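Structural features, examined
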Protein chains: 2
Amino acid sequence: LDLHLDLTGQQPRAALEHALREAVQSGRLVAAVRLPSSRSLAADLGIARNTVADVYEQLTAEGWLASRQGSGTWVADRIAPDDVGASRMTSKIHTSGRSRPRLDLRPGSPDVASFPRARWLAAARQAVQAAPDEAFGYIDPRGLPQLRHTLAQYLARARGVRTSPDRIVVCSGFVQAMSLLGTALQRSGATAVAAESPGVGLHRDALAATGLAVTPLCVDGGGIVTSDLSLSEGSAALLTPAHQFPLGVVLRPDRREAAIDWARETSGVLIEDDYDGEFRYDRQPVGALQALDPARVIFVGTASKTLAPGLRLAWMAVPSTLLDAVIAAKRVSDLHTGVMEQLTLSRFIESGEYDRHIRRSRLKYRKRRDRLVDSISASAPQIRVTGISAGLHAVLDLSGMSTSMSFEDEVVSRAAAQGVAVSALGTFRFAGEPGAHPALVVGYGTPSDSSFSPALEALCQTLSMA
Amino acid sequence: LDLHLDLTGQQPRAALEHALREAVQSGRLVAAVRLPSSRSLAADLGIARNTVADVYEQLTAEGWLASRQGSGTWVADRIAPDDVGASRMTSKIHTSGRSRPRLDLRPGSPDVASFPRARWLAAARQAVQAAPDEAFGYIDPRGLPQLRHTLAQYLARARGVRTSPDRIVVCSGFVQAMSLLGTALQRSGATAVAAESPGVGLHRDALAATGLAVTPLCVDGGGIVTSDLSLSEGSAALLTPAHQFPLGVVLRPDRREAAIDWARETSGVLIEDDYDGEFRYDRQPVGALQALDPARVIFVGTASKTLAPGLRLAWMAVPSTLLDAVIAAKRVSDLHTGVMEQLTLSRFIESGEYDRHIRRSRLKYRKRRDRLVDSISASAPQIRVTGISAGLHAVLDLSGMSTSMSFEDEVVSRAAAQGVAVSALGTFRFAGEPGAHPALVVGYGTPSDSSFSPALEALCQTLSMA
């Protein structure tokens, strides 16, 4: 056997080990081939015998070689080839990491170019330097006490939430909150949950993945149609009371009452998705539904719209009856959310930076909303723009142009041809649920400052030609 | 009705809203109480009528008040009291956020006081400043491409792992890897998974929470008893080949082969828990088992021992056949792991800081191990210290002192009386599994530099008196 090993100019131990492992992995040395004795290979290579013996022992421990006392050393016969199926199989999956087109007016994301990097890093530095050592170890599944304290105060002040640090659970994003709640609700006997249609498909998927049936809950101009609640199978419902996603309506006061009544009568719970409660333009934000009955409403907030989705930070105010089950689910899900983000967010809120960032963002998004409304009314006056009192997106009612439901997909395609991505309202409904009229959902929060104008122009051009 | 509202010196709009909401929440204004008309309250308070009307409207929108055209405004009758059950109910759960005793020699954590805060923050600053805007939006469930690229290279170099960036999945800690794999394995038809006994209870819990049955796999001086694999129900097994947790043995070469053979014959998979593969003291680290068959072994690594558990950062090299299912599970679990940690870790590895930190830590832990072995042999020579060739913990065989299995719990209690926490080996076994002899697991990596000596002294004092 000629090994053809070239160890020139290298540290012999590492070079020999690398060369032999490589030769086995690549198939150049095939199974069952006998290797020279350590003595003879050492002589061939001009290195110490112990070095060769060490390398043989290491590669035997790893399973590349095999040996038996008195029988020498040979190439093990269990080396598998590379696992090469991956790139083919995952081509479809790649799209789940949303690849952004140049001009993006799809809803669901704030302008990530405006994420306050320097201020966030400054808060991280202050918070990490000041943190006790224990903060870097395994912590309470609910999150760092300091952050839960800060959040309880912030949510009371900004959103009217009635809770305590004990009942706050810090989550790795809103989707995780759905996953934990789905698991906890099942433990308490629930088999189904109602969710708004239209709504966010990913949230339905996360609830369904825990084993719950997810049933549609109709939405009209007053928010969810609460009389449908009693028809739905579940005794849990997911809703967006402050600003329905994607329709943008506010849950009407009598329906807030009706929803609470339903939860009490069925011993059920309401999950309040407060994804953009901080962004209200024409009047004060509507306080959290949770405050009306903290034992029946789970409040869920997120930093995905106020800061950036990439942070994967959300928080829940959990009723005491569900708390143990949520903590147990969190423990086996990821033990707890990363402490760096928690330390930083806590400092960011306490220092007032969070409020300042939201105020700046609110001003900016309000201007964008006004420009959107003005531009549409100038270029396509037959389109009604709705859901604009809050949030980062608007609904464009296309019924003045066509009554065909497929018209919305047509407009999405035409917009894509103009280089701008928008979403058809239909993509947010449950499969098979009919829509009333064709409409687009336009996320004016998504583009960067420099791409908002071209995106709006491309949209208006599409609509004026449609 | 006298409202007793004192608005002196405050902005009237906010003060009135706050005072009224507070009065309703506290029960001072009870359900169905009629409020004065906006005109008369405005006159009483000396503020504008519109201000009162605005506040009534806001509180009606939030559900505190109710009103009907022509019937005035009254206090809504659905206000629930505070949800006060929480602090009582969660007293037990509090312990899940591991409260640390003053001197802690329990295994499972590195010295978090040595977490390189300044270096980590510097890497965060560089990485966050250099990141593209898209990094802060919703990203690929597998993680940032840059980090997956860096990890694939690092794992090949440091652990001999054969994978590609496409098949790396960044996780929010090791526990999440178990949760995702449990879900993915079930999709591919698995109903059970075998796990080492003794092993980590939390990992078994995370697998069991996905619905898999978890069966025990015996461990002896050569690692898992591979002949038991064929007896176990599952076609998946979780193991720690490089340094068994907690026994500290290395999986013997013939058993590495046998485990791979078993996986091939049963179309099963091995989950390689490489929790401390980087910390080997007396010889080179044993390369990853995964390299022998990348299609049959899932490699899972973590930053919990090399950096800090609080980061909640882990990574998997996933076979192509399981990749789609793992990605789908990650998507509905938390969409993706937070980008700040990902950006920072990528920079930390690329700049060489990760390797430098591991080298420094290895030197330090090796010295601690040597001191532990020397101190035990001086103070309690009848105790055999095993599992010391690698990692951050050792096993103290107490059979020279007592053959009663309950002796280990006794020693744990006596140590606690001396102010130092250690773990009985029995706590790591499956419920009902018998142990061979009493033993302690001592985590010498856990204490800070300043508390290691007193912790060791307290332990030796306990043992010399036992």
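Residues numbered from 1 in each chain as written. Chains lettered and ligands numbered in written order. Predicted model: local features only at pLDDT ≥ 70, side-chain atom pairs only at ≥ 80, totals over all residues. Heavy atoms only, no water.

Turning our eyes to something else, we now look at the overall build of chain A. Assigned secondary structure in chain A consists of 14 helices and 16 strands. Once the C-alpha set of chain A is aligned to its principal axes, its extents read approximately 90 × 55 × 45 Å. Out of the 466 residues belonging to chain A, those deemed buried represent 61%. In chain A, once contacts between residues fewer than 6 apart in sequence are set aside, the share between residues at least 24 apart is 73%. Accessible surface for chain A amounts to roughly 17100 Å². Of this, 50% is attributable to carbon and sulfur atoms. Averaging the positions of the 50 positive and the 48 negative side-chain charges in chain A gives two centres separated by 3 Å. (Helix = DSSP H or I, 4+ residues; strand = E, 2+ residues; numbered from the N terminus. Buried < 20%, exposed > 50% of the residue type's maximum accessible area, 1.4 Å probe, protein only. Contact = heavy atoms within 4.5 Å. Areas by Shrake-Rupley, 256 points an atom, 1.4 Å probe, with all protein chains shown as cover. Lys, Arg positive; Asp, Glu negative; His and termini not counted. Charge placed at Lys NZ, Arg CZ, Asp CG, Glu CD.)

Moving on, we get to the sheet that holds strand β9 (residues 269-273) of chain B. All names here are of chain B. With mixed pairing, eight strands are arranged side by side in an open sheet as β4-β11-β10-β9-β8-β5-β6-β7. The open sheet terminates on both sides in strands that have one partner only, identified here as β4 (168-171) and β7 (223-224). Packing against the sheet, helix α10 (residues 320-334) makes contact with β4, β9, β10 (297-302) and β11 (314-317), and its axis sits at approximately 25° to β4. (Pairing = 2+ DSSP bridges. Axes fitted to C-alpha atoms, helices over the stretch in contact; angles between N-to-C directions.)

Attention now moves to the confidence of the model for chain A. All names here are of chain A. For chain A, mean pLDDT is 91; residues scoring 70 or higher make up 95% of the total. Low confidence marks residues 86-97, where pLDDT is under 50. Its contacts with residues over four positions away, or in another chain, come to 22 contacts. We note a pTM of 0.91 for the whole complex and an ipTM of 0.90 for its interfaces. (pLDDT = per-residue confidence, 0-100.)

Residue and element names in this part refer to chain B. Counting buried positions along β10 yields six of six residues, so the element is predominantly enclosed. Side chains Val297, Phe299 and Gly301 of β10 all project onto a buried face; the interleaved residues Ile298, Val300 and Thr302 project onto the opposite face, where all are buried too. Of the pairings in the sheet, the one linking β9 to β10 comprises four bridges and is parallel in character. Bridged to glutamate 272 within β10 is phenylalanine 299.

Residues and elements named next belong to chain A. At a minimum axis separation of 8 Å, helix α7 (residues 174-187) and helix α10 (residues 320-334) run at an interaxial angle of 125°. The pairing of α7 with α10 is recorded here as oblique in orientation. The element α7 and its partner α10 pack so that their crossing is right-handed. Mapping the contact onto sequence places Gln176, Leu180, Leu181, Thr183, Ala184, Leu185 and Arg187 in α7 and Leu322, Ala325, Val326, Ala328, Ala329, Lys330, Ser333 and Asp334 in α10. Residue classes in the contact of α7 with α10 are distributed as nine nonpolar, three polar and three charged. (Parallel < 35°, antiparallel > 145°, perpendicular 65-115°, else oblique. Left-handed = near helix turned anticlockwise from the far one by under 90°. Nonpolar A, V, L, I, M, F, W, Y, C, P; charged D, E, K, R; others polar.)

To continue, consider the interface of chain B and chain A. The interface is formed by 102 residues belonging to chain B together with 102 residues belonging to chain A. Among the residues chain B hides against chain A, the three largest losses belong to B:Arg78, B:Asp83 and B:Tyr138. Together they make up 10% of the total. Counting across the chain B and chain A interface gives six salt bridges. B:Arg331 is paired through a salt bridge with A:Asp205; the nearest N and O atoms lie 3.4 Å apart. Taken together, the links from chain B to chain A amount to 35 residue pairs in polar contact (both at pLDDT 80 or more). (Buried area = accessible area lost by both parts, 1.4 Å probe. Salt bridge = Lys/Arg side-chain N within 4 Å of Asp/Glu carboxyl O. Polar contact = N/O pair within 3.5 Å; in protein donor to acceptor, adjacent residues only side chain to side chain.)

So, on to the environment of B:Ala156. On the secondary structure map, B:Ala156 appears in helix α6 (residues 145-159). A sequence separation of 135 residues divides B:Ala156 from B:Ala291, and the C-alpha atoms of the two residues are 9.1 Å apart.

Right, let's talk about the pattern of salt bridges for a bit. Per the counting criterion, the structure on display carries 50 salt bridges over all chains. Taking the shortest distance from any N to any O, the salt bridge between B:Asp274 and B:Arg159 comes out at 2.8 Å. Residue B:Asp274 is located in the loop between β9 and β10, and its partner B:Arg159 is located in helix α6; the two are separated by 115 residues in the primary sequence. Each member of the salt-bridge network shares a partner with another, and the members are A:Arg13, A:Glu17, A:Arg21 and A:Glu62.

Residue and element names in this part refer to chain B. Listing the buried residues of helix α13 (residues 407-417) in full gives Phe407, Glu408, Val411 and Ala415. Relative to the axis of α13, the buried residues are bounded by an arc of 100° and lie together on one face. Of the residues in α13, the exposed ones pointing more than 90 degrees away from the buried face are Ala416 and Ala417. If you follow the buried residues of α13, they end up packed against β14 (420-421), β15 (423-424), β16 (439-443) and α14 (449-465). Looking one or two residues past α13, glycine 419 carries a phi angle of roughly 90°, positive in sign. (Arc of directions from axis to C-beta.)

On to the packing of aromatic side chains. Going through the model one piece at a time under the given rule, you end up with 14 aromatic pairs over all chains. Ring centres of A:Phe245 and A:Tyr275 lie 5.6 Å apart, and the angle between their planes is 90°; on these two criteria the pair is classed as edge-to-face. Placement of A:Phe245 in the loop between β8 (236-239) and α9 (253-265) and of A:Tyr275 in the loop between β9 (269-273) and β10 (297-302) is noted, with a sequence separation of 30 residues between them. By relative accessible area, A:Tyr275 is classed as buried at 7%. Centre to centre, the rings of B:Phe115 and B:Trp120 are 5.9 Å apart; their planes meet at 55°, and the pair counts as tilted. Take B:Trp120: its relative accessible area is 2%, and that puts it in the buried class. Taken together, A:Phe115, A:Trp120, A:Phe348 and B:Phe136 form an aromatic cluster joined through their ring pairs. Positioned over the ring face of A:Phe430 is A:Arg204, at 4.2 Å from the centre of the ring. (Phe/Tyr/Trp six-rings, centres within 6.5 Å; stacked < 30°, edge-to-face > 60°. Lys NZ or Arg CZ within 6 Å of the ring centre and 35° of its normal.)

Glancing now at the sheet that holds β10(A). To summarise the sheet geometry, strands pair through backbone hydrogen bonds and adopt either a parallel or an antiparallel arrangement. All names here are of chain A. With mixed pairing, eight strands are arranged side by side in an open sheet as β4-β11-β10-β9-β8-β5-β6-β7. Each of the sheet's edge strands pairs with one partner strand only, and the pair in question is β4 (168-171) and β7 (223-224). Contacts between helix α6 (residues 145-159) and the sheet are confined to β4, β10 and β11 (314-317), with β4 contributing the most and set at about 105° to the helix.

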